[in-house]
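Understanding the architecture of this molecule
Chain residues, written in single-letter form:
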Amino acid sequence: MTEAERAEELRRQLREANHRYYVLDAPTLSDAEYDRLFRELTQLEEAHPELRTADSPTQRVGAQPSEKFAKVQHRRPMMSLANVMSDEELAEFDARVHRLLGDEPVGYVFEPKLDGLAVTLTYENGRFVQGATRGDGQLGEDVTANLRTIKSVPLQLQAGAPSVLEARGEVFIPKADFARLNAEREAAGEPTFVNPRNSAAGSLRQLDPRETAKRPLSMFFYDVGETGELRFSSHWEKLAKMKDLGLRTNPENKLVRSLDEIRAHYADLLRRRHDVPYEIDGTVVKVDSEDQRRRLGSVSRTPRWAVAYKFPAEEEATTVEDIQVSVGRTGALTPVAFLTPVHVGGVTVARATLHNEEEVRRKDVRKGDRIFLRRAGDVIPEIVRVIAEARPKEGLPEFRMPTHCPACGAEVHREGAITRCTNLSCPAQLHGRLRHFASRGAMDIEGLGDQTCSQLVERGLVKTPADLYALTREQWLGLERMGDKSVDNLLAALERSKQTSLRRFIYALGIRLVGEATARALALQFQSVERLLDATLDELQGVRDVGPEVAEQIHDFTQTAENREAVRRLLAAGIQPAPEVVLARGPFAGKTVVLTGSLAGYSREQAKAEIERRGGRVSGSVSRKTDLVVAGGDSGSKLKKASELGVRVVDEAGFHALLQEEQR
Ligand code: IVH
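A short tour of the structure in this document, coming up. For every chain, the first residue of the written sequence is number 1, and numbering continues from 1 along that sequence. For this predicted model, a pLDDT threshold of at least 70 governs which residues receive local features, and a threshold of 80 or more governs which side-chain atom pairs are given and counted, while totals over whole chains, interfaces and linings are taken from all residues. Derived side-chain values reflect all non-hydrogen atoms in the structure, with water molecules and hydrogen atoms excluded from consideration.

Looking now at the site of the ligand. Throughout, near means a residue has at least one heavy atom within 4 Å of the molecule or strand. The environment of the ligand is made up of 16 residues, and the closest members are Leu81, Glu111, Glu170, Tyr222 and Lys286. Polar contact is the term for a pair of N or O atoms within 3.5 Å; when the atoms are in protein, one must be able to donate a hydrogen and the other to accept it, and sequence-neighboring residues count only if both atoms are side-chain atoms. For the ligand, a nitrogen atom lies 3.3 Å from a polar atom in the backbone of Pro112. Note that an oxygen atom of the ligand is positioned 3.3 Å from one of the side-chain N or O atoms of Lys113. The Shrake-Rupley method, run with a 1.4 Å probe sphere, supplies the accessible areas, and residue values consider only the shown protein chains as cover. When isolated, the ligand has an accessible area of 520 Å², and the protein chains bury 89% of it. Numbered from the N terminus, helices here are DSSP runs of H or I no shorter than four residues, and strands are runs of E no shorter than two. If you list the elements that add at least two residues to the shell around the ligand, you get β3 (108–114), β8 (218–224) and β10 (280–287). A class-by-class count of the residues in the shell around the ligand yields 9 nonpolar, 1 polar and 6 charged. Under the scheme applied, nonpolar residues are Ala, Val, Leu, Ile, Met, Phe, Trp, Tyr, Cys and Pro; charged residues are Asp, Glu, Lys and Arg; polar residues are all the others, including Gly.

Here it is, written out as structure tokens:
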């Protein structure tokens with residue numbers, strides 16, 4: 001084999017490997033093998049520069065930086081899409097399509113709407129010759145050298161390419177790569193990007209392609225302009241052909257026949273929005289048939305045959321009207337931004353927490369600033385950044401954390417990033433403690449809302465949670481918006497709350513750093529309030545999942561006289577926290593049990609609950625992992641299996657005896 005032949009062979013293999021990796025998503029070469037071939041080709045080309053071709057995989061970065069981008073005239077205009085924001089608007093689009101086409105069936109192609117940057121790539125006889133941004137749709141910017149650096153962009157198409165092909169699609173940065181890129185920039189002290197879209201745009205418009213090459217850009221193709229002698233009868237066929245030619249298409253694309261199918265795919269994609277590896281801001285619905293498209297035509301650069309069905313925006317601009325400081329149940333001062341209400345991520349948002357003073361400094365948020373607000377999925381709304389250009393030239397006053405508690409005027413104290421009010425009877429803290437005490441995961445007192453708690457604190461009716469149980473009917477009726485019915489319900493809820501579990505009670509106390517999981521662990525370990533109050537620091541540290549810091553907080557709490565008194569009064573009010581009976585020891589603890597046949601004294605649910613309460617797990621089938629089989633009457637195959645595997649079997653009497661073992 002001559003060197004020229006070897007070079008050609010290497011180019012072919014590398015091209016094939018790229019195609020299999022990026023387009024077919026079915027790689028055949030390992031990274032190491034790819035690197036070896038790549039290195040061999042590089043060396044060959046260095047030794048024999050005349051063997052170097054423009055479409056060689058080694059030639060992705062080679063162009064010199066330019067002064068500015070040349071203008072490129074698109075052969076066919078690049079159109080943009082009209083938006084629909086709701087199911088009704090989508091139905092209107094579909095109705096119009098049907099009206100314009102008469103009563104014939106219409107098929108659609110459903111695609112994710114990628115949140116990147118539209119580009120067009122011109123291939124002549126299969127060779128990538130020029131690439132451009134969308135620009136105004138007629139005239140774009142020549143970013144050929146930069147597009148060449150994107151690995152999912154083929155420099156040479158597979159067999160069957162027409163003489164000319166304008167291939168169009170979206171350049172983007174996958175979310176994971178974006179996170180990595182930003183982490184690197186942050187570490188290097190460079191400014192970070194706001195979102196993947198911005199960073200993709202910035203990366204593609206680098207004058208030096210060597211810079212672009214460092215950015216993790218990626219691409220999907222979804223349309224064509226000029227196609228030479230190639231003709232298509234449908235979009236779906238076009239997508240298949242693009243893929244055959246080596247132009248990566250989105251595997252999420254779907255051929256659909258009805259509006260209902262579109263709705264289902266839309267709902268599905270919206271739900272998975274955060275799981276797909278790149279940002280999408282909606283879906284695109286396109287009439288499939290080319291003939292129908294021709295008849296539908298377009299109005300001023302917007303086709304009548306396609307529409308963007310957008311997702312609710314997750315990022316919106318709004319104004320910080322004020323920054324106020326709220327005081328929580330632990331006394332922590334939290335700056336909160338009050339915003340001009342905006343619709344974002346499907347809900348209206350009027351405030352966003354700024355967490356603490358350092359966070360405000362880091363983001364440099366000030367009263368009066370324009371900001372970008374983000375609310376993705378169920379995540380709490382977050383201020384992404386200040387729009388610096390929008391700040392008035394004369395500037396805005398910096399935020400200052402108050403030196404005194406805004407609720408009670410007591411001095412505040414800094415602990416690391418947290419600023420705390422030092423006054424234990426601060427009304428804001430009391431309000432927070434009451435809210436926490438009554439919350440669903442704690443004492444679950446329905447009807448004791450925010451407003452009611454405020455009134456109780458303001459009027460001095462309640463100083464500690466125990467006071468809630470001492471209020472008379474008349475006192476409750478004296479509060480605003482408390483009628484006979486609400487008071488009846490509230491009194492009933494208070495009464496119900498007295499029968500609670502130890503873990504809820506411990507959680508309700510609002511001990512710092514003690515969440516629901518820790519409360520449960522403490523309840524399991526100590527089995528009574530009294531024992532928890534008397535636990536030593538050592539004993540507390542011995543509890544599973546309780547670290548030294550948490551143990552110290554608990555110990556501080558239990559050793560403070562006011563707290564002990566508050567707990568004593570709660571118990572005196574009639575609260576009876578039931579000890580946790582999920583045991584860490586005993587015949588069922590940590591065991592896998594299988595129930596088979598019928599028991600006379602227990603329903604299946606009862607038996608299961610008894611086992612689980614003792615720390616066991618009930619499984620449906622017998623295996624080597626089964627510790628015990630409880631065999632009632634008419635036990636069949638499971639009993640047989642158990643004896644084959646040598647698993648311990650008990651009958652109902654034996655089961656009953658085991659349950660008694662742990663009763664104390
Ligand atoms: S088709 C005439 N398909 O949305 C149709 N566009 O306003 C031309 N986009 O500029 C575009 N994903 O940047 C099409 N699957 C997709 C798309 C998509 C994202 C962007 C593209 C275009 C804009 C349309």
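And the narrative resumes.
The next point concerns the pattern of salt bridges. Any Lys or Arg side-chain nitrogen found within 4 Å of a carboxyl oxygen on Asp or Glu counts as a salt bridge. The tally for this structure, following the rule as stated, stands at 55 salt bridges. Residue Lys214 is joined to Glu211 by a salt bridge in which the shortest nitrogen-to-oxygen separation is 2.8 Å. Within this pair, Lys214 and its partner Glu211 are both found in helix α7 (residues 209–214), separated by 3 residues, close to a single helical turn. One salt bridge connects Lys640 with Glu644, and the closest N-O pair in it is separated by 3.9 Å. In this pair, Lys640 and Glu644 both sit in helix α23 (residues 637–645), 4 residues apart, roughly one turn of the helix. Assessed through its relative accessible area of 56%, Glu644 is described here as exposed. Overlapping salt bridges bring together Glu8, Arg11, Arg15, Glu45, Asp55 and Arg127 as one network. Burial here depends on accessible area, computed with a 1.4 Å probe over protein chains only, as a share of the maximum for the residue type. Under 20% is buried, over 50% is exposed, and the range in between is partly exposed.

A few words now on the sheet that holds β10. Strand order in this open sheet of 5 strands is β2-β13-β10-β3-β9, and the pairing throughout is mixed. Sheet topology places β2 (83–84) and β9 (254–256) at the edges, where each strand pairs with a single neighbour. Pairing between two strands requires that DSSP report at least two bridges joining them. In this structure, β3 lies alongside β10, joined through 7 bridges in antiparallel fashion. Pairing of Pro112 across the sheet is with Thr283, part of β10. Two residues qualify as a contact provided that any one of their heavy atoms is within 4.5 Å of a heavy atom in the partner residue. Lines are fitted to the C-alpha atoms to define the axes, a helix being fitted only along its stretch in contact, and any angle between axes, read from their N-to-C directions, falls within 0 to 180 degrees. Most of the contacts of helix α3 (residues 87–101) go to strand β13 (residues 306–310), to which it runs at about 170°, and overall it touches β2, β3, β10 and β13. Most of the contacts of helix α8 (residues 235–245) go to β3, to which it runs at about 55°, and overall it touches β3, β9 and β10.

Pairing of aromatic side chains here covers Phe, Tyr and the six-membered ring of Trp, requires ring centres within 6.5 Å, and sorts the geometry by plane angle: under 30 degrees stacked, over 60 edge-to-face, intermediate tilted. The full count for this structure, using the stated rule, is 12 aromatic pairs. Summarising the aromatic geometry, the rings of Tyr34 and Phe38 are spaced 6.1 Å apart at their centres and angled 25° between planes, so their arrangement reads as stacked. Residue Tyr34 and its partner Phe38 are both found in helix α2 (residues 31–47); the two are separated by 4 residues, about one turn of the helix. Judged by its relative accessible area of 18%, Tyr34 falls in the buried class. Ring centres of Phe588 and Phe655 lie 6.0 Å apart, and the angle between their planes is 85°; this geometry places the pair in the edge-to-face category. Taken together, the positions of Phe588 in the loop between β22 (576–578) and β23 (592–596) and Phe655 in helix α24 (residues 652–661) put the pair 67 residues apart, joining distant regions of the chain. Through pairs of rings, three or more aromatic residues link up here, namely Phe172, Phe220 and Tyr278. Directly above the aromatic system of Phe220 lies the positively charged group of Arg248, at a separation of 4.2 Å from the ring centroid. One Lys or Arg, Arg293, reaches over the ring of Trp305 and ends 3.9 Å from the middle of that ring. Think of it as a cone above the ring: NZ of Lys or CZ of Arg counts as a charge over the ring if it is within 6 Å of the ring centre and within 35 degrees of the ring normal.

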